[in-house]
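Chain by chain, the residues run as shown.
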Amino acid sequence: MARWCYRHRLVVLLLWVGALFGLGAASSAAGTNYANVFSLPNTDSTTAYDLMEKAFPQRAGDTDTVVWKVDEGSVRDESVRSRIAPALEEIGRMKGVGEVTDPYAAQGAAQISRDGRIAYAQITFTEQANAVPMDLIEEVVDTAQAAERGGLQVELGGQAIARTQEPPQGIAEAVGILAAAVVLFLAFGSLFAMLLPIVVAIAGVGTGLIGTMLLSHVTDVPEVAPLLGSLIGLGVGIDYALFIVTRHRRGILRGMKPEDAAVTALNTSGRAVLFAGGTVCIALAGMLVMNMRFLDGVVVATSLTVVLSVLAAITLLPALLGLLGTRVLSRRQRRRLAATGPEPAEASGLAARWSSAVQRRPRPVAALAVVVMAVLAIPVLSLRLGATDQGNHQESTTTRQAYDLLAEGFGPGFNGPLQVVVEGDAPDALVNGIRSAEGVAQVAAVPPANGVTVIQVVPSTSPQSEQTDQLIDRLRDDVIPRSGAEAHVGGVTAVFKDFASVTGDRLPYFVATIIALGFLLLLVAFRSLVVPLTAALMNLIAAAASFGVLVAIFQWGWGTELIGVGKEGPITSFLPVIMLSLLFGLSMDYQVFLVSRMHEEWVHTKDNARAVRVGLAETSRVINSAALIMICVFSAFVLSGDMEGAMAGIGLAAAVALDAFILRTALVPAAMHMLGNANWWLPDWLEKRLPHLAVEPKEDETPAAEEEPVAAGRPSVVHGFVRGTDGEPVEGAVVTLLTTGGRRLDGVTSLADGSYIVAVPAPGTYLLATSAESYGSRAGQVVVTEGPLVYDVELAEGEVDAVN
């Protein structure tokens, strides 16, 4: 398929462009129909909601609030009333506004605070918040705030009003893409190579978001789903293309034709991308275990975006590679390739030196990594799930100001009232019991409607307070049973409390499911029990540390105003499920790319130390680059204007940073060095029963023809270190394997730690020649039997050995 896409690149490009424009036209015509369905079957709040639907079947549209406060005097003063009343009358005449409840009317006394300094009016639109035209909302805001004067403050709150404060759509995505472009340019040094992953990611995310819009008409898709879909889609889309482009460039630098390099890259890294994308989708599908309708739409949107991002990487990317040819390399690389010919793509520099350092001191490295992760995980012990509201908005916003004014004038619980719902008339014992309950500020029983009575309960504490949660429990477990009534506690605050409780109860099953699925995938891929167990443990460590960072920022308030995400509060109830799904999927990606290279080296040498060292040295740079891109993309979602989006962005950015820079480049290789050959242990009975799955097969090598016959047998390797007489490693030494007649079989240059490995076609006697600048050369016979041969070379300055 890769070769077909490469050769028919114009057809592939036209298909993708046609898909984008076709789906875009369809979505423009159909519009969106997002629905925030928080239904939780068999919960008390859901039963209360169903009864309220029975009592009030014809609900009006969105209800928003205008709040005003005077510094001196009373809101009843004529000087205040003469400014506010005309504004409310004008708002009431606007098309799209159904009703305005005026505190100056006969029934409006309760809408004025006891001290007379704060009052509010409720504006009921004819449509729900998302359907209210933006120009109408802005006209309402402008008309209300035009009544302000010195000593008179006017603020507005509500779901529709909050839409006026949202930044323009696409800012977070644009900033994330720009930051990713900078990282890609620094990594590749080529403008065209930089653009490839970005174009591929935009194609995948674009079709995914448009598809999500269309799916919202046939299933319940929450408003946060496209935001999360674009967040994960941009991250994985750019990363997957980065892995493939890196492999493609390496092939060209090694002397392959661009077409062959593209086919090889797709057959190796492309297969790993398919595997990685599948693990992300499996992790996302694990959310279905939670049995929450709200999360079903999130699974659909994010999985669709990931699938289309993978599809773009394996079809659109090879077509773009065909258009660019060798221009995927920088000009300097093309000039060097033309002048000096192909070059070996061996790891050297900082990556190789760090890998050697981890090998020399695995215990201190592992201990330091564990301490860092443990410290960052401490805040997770105080994790509290709940819901964010307009009280968490930035202090400068009118919705936050309105929220604070209502809390000041009518009590902190006014922003999150509870509804106790009873079939039939509410007994006096129930009303009196609620009124006398600890934590209740106000109680008002609404006359029965359609055989249902609703008792409005205003807590004395804020909706996000733990005391409010305790009040809900007190009403359900004590007050209502004691009254003998069949009643249920509902309201937004109760719904989110139930949501948090259900999430906490089902979370262990969810975590166990995705860990088990990840374990099975890695078990099949790497034929090992220890590798998938290590990966599962590392995923749990990364999750704990990232949630610790999340709690410190959003729940403890460490820097929330500084980064522009408003006031601290509980962590959104559904966020742990979504974050864990994404985190486990992304962590599996890095584990696959890291361990697949180690596994390949282990298969060749059966030397665990070398396998871990070489695997880390050759993959750490691309993993760290990919992680840096994801961090940029995720962090940019702080600019989305959505608290849940900001939480997910910061949490995932922290998770990726900790996973890539501490776990995969320090703790995992250190642990694998300490475990030794046990890393690759698998019982024989299990080996025979497991299916074979090639994640990232090695590139085909064409062995050089030999001048002399060699005994038939299994191929093997000679490996070891090149050192000087002082014991220091010699980097860049040329190590050549020859037949006894002098025919060259294989050749490499030593890495920064002095290590080398050459391929042996079969057991026998060979010559191994080593030379390095300022050291001269040395040669000697090596006898290879069954299995790899460890052979260290010591070079002395100016020395030349005779060959027997």
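Residues numbered from 1 in each chain as written. Predicted model: local features only at pLDDT ≥ 70, side-chain atom pairs only at ≥ 80, totals over all residues. Heavy atoms only, no water.

Participant: Give a detailed account of the overall build of the protein, specifying residues and quantitative values.
Facilitator: Of regular secondary structure, the protein possesses 23 helices and 19 strands. Across the 804 residues in the protein, those meeting the buried criterion constitute 54%. A separation of at least 24 residues holds for 77% of the contacts in the protein among residues at least 6 apart in sequence. Counting only carbon and sulfur atoms, one obtains 57% of the accessible surface of the protein, whose full area is about 34,100 Å². Taking the 56 positively charged and 78 negatively charged side chains of the protein as two groups, their mean positions are separated by 7 Å. (Helix = DSSP H or I, 4+ residues; strand = E, 2+ residues; numbered from the N terminus. Buried < 20%, exposed > 50% of the residue type's maximum accessible area, 1.4 Å probe, protein only. Contact = heavy atoms within 4.5 Å. Areas by Shrake-Rupley, 256 points an atom, 1.4 Å probe, with all protein chains shown as cover. Lys, Arg positive; Asp, Glu negative; His and termini not counted. Charge placed at Lys NZ, Arg CZ, Asp CG, Glu CD.)

Participant: Which residues make up the pairing of strand 16 (residues 776-784), and what values do they have?
Facilitator: Here is the key point about a regular strand: its side chains alternate between the two faces of the sheet. Bridging between strand 15 (residues 764-772) and strand 16 involves nine bridges; their strand directions are antiparallel. Each residue of the ladder has a partner; that of Thr-770, found in strand 16, is Arg-778. What sits between strand 15 and strand 16 in their antiparallel hairpin is a turn of three residues, with Ser-774 showing a positive phi close to 70 degrees. (Pairing = 2+ DSSP bridges.)

Participant: Residue-level account of the packing of helix 9 (residues 224-253) against helix 10 (residues 258-285), with values.
Facilitator: At a closest axis distance of 8 Å, the pairing of helix 9 and helix 10 adopts a crossing angle of 155 degrees. In terms of orientation, helix 9 and helix 10 fall into the roughly antiparallel class. Helix 10 is crossed by helix 9, and the crossing has right-handed handedness. Here Tyr-240, Phe-243, Ile-244, Arg-247, His-248, Gly-251 and Ile-252 of helix 9 lie close against helix 10, whose contacting residues are Pro-258, Ala-261, Ala-262, Ala-265, Leu-266, Thr-268, Ser-269, Gly-270, Val-273, Ala-276, Gly-277 and Val-280. Of the residues in the contact of helix 9 with helix 10, the class split is 12 nonpolar, six polar and one charged. (Axes fitted to C-alpha atoms, helices over the stretch in contact; angles between N-to-C directions. Parallel < 35°, antiparallel > 145°, perpendicular 65-115°, else oblique. Left-handed = near helix turned anticlockwise from the far one by under 90°. Nonpolar A, V, L, I, M, F, W, Y, C, P; charged D, E, K, R; others polar.)

Participant: Go over the confidence of the model for the protein with me, naming the residues and quoting the values.
Facilitator: Any segment with low pLDDT has predicted coordinates that should not be analysed in fine detail. Summing up the model confidence of the protein, the mean pLDDT is 83 and the portion of residues at 70 or higher is 93%. Every residue in residues 698-712 scores below 50 in pLDDT, and together they form 25 contacts with partners more than four places removed in sequence or on other chains. (pLDDT = per-residue confidence, 0-100.)

Participant: Give a detailed account of the pattern of salt bridges, specifying residues and quantitative values.
Facilitator: Tallied over the entire structure, the rule returns 13 salt bridges. Of the charged contacts, one joins Glu-259 and Arg-7 as a salt bridge, the two residues approaching to 2.6 Å between their closest N and O atoms. Taken together, the residues span a long stretch of sequence, with Glu-259 in helix 10 and Arg-7 in helix 1 (residues 2-7) at a distance of 252 residues. Among the ionic pairs, Asp-753 bridges to Arg-613, the shortest N-O distance being 2.6 Å. With Asp-753 in the loop between strand 13 (744-749) and strand 14 (755-760) and Arg-613 in helix 21 (residues 608-635), the pair connects residues that are 140 residues apart, well separated along the chain. Three or more residues are tied together by salt bridges with common partners; here these are Arg-3, Arg-7, Glu-259 and Asp-260. (Salt bridge = Lys/Arg side-chain N within 4 Å of Asp/Glu carboxyl O.)

Participant: Got a sec to walk through a negative patch on the surface? Specific residues and values, please.
Facilitator: On the surface, a cluster of negative charge is made up of Glu-90, Asp-135, Glu-138, Glu-139 and Asp-142. When you line up the elements, Asp-142 lands in helix 5 (residues 134-145). (Patch = residues over 30% accessible without salt bridge, like charges linked within 9 Å, V, L, I, M, F, W, Y side chains within 5 Å.)

Participant: So what about the sheet that holds strand 1 (residues 63-70)? Which residues, and what values?
Facilitator: One open sheet accounts for four strands, arranged 2-3-1-4; its pairing is antiparallel. On the outer flanks of this sheet lie strand 2 (97-101) and strand 4 (152-157), each paired with one strand and no other. Looking at each pair of strands side by side, their axes are set apart by 20 degrees on average, direction ignored. Relative to strand 3 (residues 118-125), strand 1 runs antiparallel, the two being bridged by seven bridges. Residue pairing for strand 3: Trp-68 is matched across the bridge by Ala-119. Packed on one face of the sheet, helix 5 meets strand 1, strand 2, strand 3 and strand 4 and runs near 160 degrees to strand 4.

Participant: Account for the environment of Arg-506, with residues named and values stated.
Facilitator: Relative to the elements of secondary structure, Arg-506 occurs in helix 18 (residues 492-526). For the pair Arg-506 and Tyr-775, spaced 269 residues apart in sequence, the C-alpha to C-alpha distance is 65 Å. Those residues in contact with Arg-506 that sit more than four places away from it in its chain are Met-290, Asn-291 and Met-292.

Participant: Now, about the nonpolar core: what can you tell me, with residues and values included?
Facilitator: Core analysis: the largest hydrophobic core is formed by 155 residues, its most contacted members being Met-287, Leu-295, Phe-554 and Phe-634. A per-element tally of this core places helix 22 (residues 643-675) first, with 19 residues. The residues touching Phe-554, leaving out its near neighbours within four places in the chain, are Thr-560, Val-565, Glu-568, Gly-569, Ile-571, Met-643, Ala-646, Met-647 and Ile-650. If you look at the next biggest cluster of nonpolar residues, it comprises 30 residues, including Val-70, Met-94, Val-132 and Leu-136. (Core = buried A, V, L, I, M, F, W, Y, C linked by side-chain atoms within 4.5 Å.)

Participant: Describe the sheet that holds strand 8 (residues 452-459), with residues and values.
Facilitator: Reading across from one edge, 7-8-6-9 is the order of the four strands in this open sheet, with antiparallel pairing throughout. Each having just a single partner strand, strand 7 (440-449) and strand 9 (487-490) make up the two edges of the open sheet. Each neighbouring strand pair of the sheet contributes to a mean axis angle of 20 degrees, computed without reference to strand direction. Where strand 6 (residues 418-423) and strand 8 come together, six bridges link them in antiparallel fashion. Each bridged residue has a counterpart across the sheet, and for Leu-418 the counterpart in strand 8 is Val-457.

Participant: Go over the packing of aromatic side chains with me, naming the residues and quoting the values.
Facilitator: In this description, a pair of aromatic rings is defined by centroid distance and the angle of the planes. Under the criterion given, the structure shown has six aromatic pairs. Aromatic side chains Tyr-120 and Phe-410 sit 5.2 Å apart centroid to centroid with 85 degrees between the ring planes, which places their arrangement in the edge-to-face category. Here Tyr-120, found in strand 3, pairs with Phe-410, found in helix 15 (residues 398-410); they are 290 residues apart in sequence, far enough to count as distant. Considered together, Tyr-120 and Phe-410 belong to a single accessibility category, that of buried residues. With centroids separated by 5.7 Å and ring planes inclined at 15 degrees, the aromatic side chains of Trp-602 and Trp-680 adopt a geometry described as stacked. Placement of the pair is Trp-602 in helix 20 (residues 575-605) and Trp-680 in the loop between helix 22 and helix 23 (684-689), with a sequence separation of 78 residues. (Phe/Tyr/Trp six-rings, centres within 6.5 Å; stacked < 30°, edge-to-face > 60°.)

Participant: I'd like a rundown of a nonpolar patch on the surface, residues and numbers included.
Facilitator: Taken together, the side chains of Val-182, Phe-185, Leu-186, Leu-191, Phe-192, Leu-195 and Val-199 make up a nonpolar region of the molecular surface, amounting to roughly 630 Å² of accessible area. Only helix 7 (171-188) and helix 8 (191-215) provide two or more residues apiece to the nonpolar patch. At four residues, helix 8 tops the list of elements feeding residues into the nonpolar patch. Here Phe-185 is to be found in helix 7. The exposure class of Phe-185 is partly exposed, given its relative accessible area of 40%.

Participant: Tell me about the packing of helix 21 against helix 22, and name the residues and values.
Facilitator: For any two helices packed against each other, the geometry is given by the interaxial angle and the distance between the axes. Where helix 21 meets helix 22, the closest approach of the two axes is 9 Å, and the angle between their N-to-C directions is 175 degrees. The orientation of helix 21 with respect to helix 22, classified from their angle, is roughly antiparallel. Split by residue class, the contact of helix 21 with helix 22 holds 18 nonpolar, seven polar and two charged.

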